[in-house]
Amino acid sequence: MTGEDEPVHHCSLAESVDLLEALAAAEIEHLDVDELRTIVIYRQSILMVIAREGQATAAREFDVEFWKESPEDPDQNPEQILAAFIDELVAVTDTPRHRGRCQAD
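Residues numbered from 1 in each chain as written. Predicted model: local features only at pLDDT ≥ 70, side-chain atom pairs only at ≥ 80, totals over all residues. Heavy atoms only, no water.

So, on to the overall build of the protein chain. A count of helices and strands for the protein chain gives two helices and six strands. When the helices and strands of the protein chain are placed in sequence order, the string is β-α-β-β-β-β-α-β. The burial tally for the protein chain puts 39% of its 105 residues in the buried class. Within the protein chain, contacts between residues at least 6 apart in sequence are counted, and of these 58% link residues at least 24 apart. A total accessible area of about 6,000 Å² is found for the protein chain, and carbon and sulfur atoms account for 44% of it. (Helix = DSSP H or I, 4+ residues; strand = E, 2+ residues; numbered from the N terminus. Buried < 20%, exposed > 50% of the residue type's maximum accessible area, 1.4 Å probe, protein only. Contact = heavy atoms within 4.5 Å. Areas by Shrake-Rupley, 256 points an atom, 1.4 Å probe, with all protein chains shown as cover.)

Turning our eyes to something else, we now look at the nonpolar core. Ranked by internal contacts, the top residues of the largest apolar core, which has 24 residues, are Val-40, Tyr-42, Leu-47, Phe-62, Val-64 and Phe-85. Looking at this core, the elements with two or more residues in it are strand S1 (8-17), helix H1 (19-25), strand S3 (37-42), strand S4 (45-55), strand S5 (58-68) and helix H2 (78-93). Top contributing element to this core by residue count: H2, with seven residues. Sequence-distant contacts of Phe-85, defined by excluding residues within four places in its chain, comprise Leu-23, Ile-28, Val-40, Tyr-42, Leu-47, Val-49 and Val-64. (Core = buried A, V, L, I, M, F, W, Y, C linked by side-chain atoms within 4.5 Å.)

Together, Glu-69, Glu-72, Asp-73 and Asp-75 make up a region of like negative charge exposed at the surface. Its location among the elements puts Asp-73 in the loop between S5 and H2. (Patch = residues over 30% accessible without salt bridge, like charges linked within 9 Å, V, L, I, M, F, W, Y side chains within 5 Å. Salt bridge = Lys/Arg side-chain N within 4 Å of Asp/Glu carboxyl O. Lys, Arg positive; Asp, Glu negative; His and termini not counted. Charge placed at Lys NZ, Arg CZ, Asp CG, Glu CD.)

Here the focus is the pairing of S3. Here S3 shows a clear split, with Thr-38, Val-40 and Tyr-42 buried on one side and none of Arg-37, Ile-39 and Ile-41 buried on the other. Of the pairings in the sheet, the one linking strand S2 (residues 29-32) to S3 comprises four bridges and is antiparallel in character. Each residue of the ladder has a partner; that of His-30, found in S3, is Val-40. Connecting S2 to the antiparallel partner S3 that follows it, the hairpin turn spans four residues. (Pairing = 2+ DSSP bridges.)

Dropping the structure here:
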């Protein structure tokens, strides 16, 4: 699980999207945990995506937590990984961010 010092990014979209469908469309490895949470492997790092408004199949707001760095590149910047992941995920949804909002905690 993530510690209190692990980075978290919050994202708010203009309309609901299916996060699982977006992950599949972006060809990002993921594993459903329940109706809200999905574990993601992105650039060999492990992230947790949590729907905050709605469920993972219809979310307007979600958090992305950085859980574990890549074993191949442990010096990766977690903030940059989270930002790149969100950019890639949101791009495949073709849904604008709500007032441009996806930010670090």
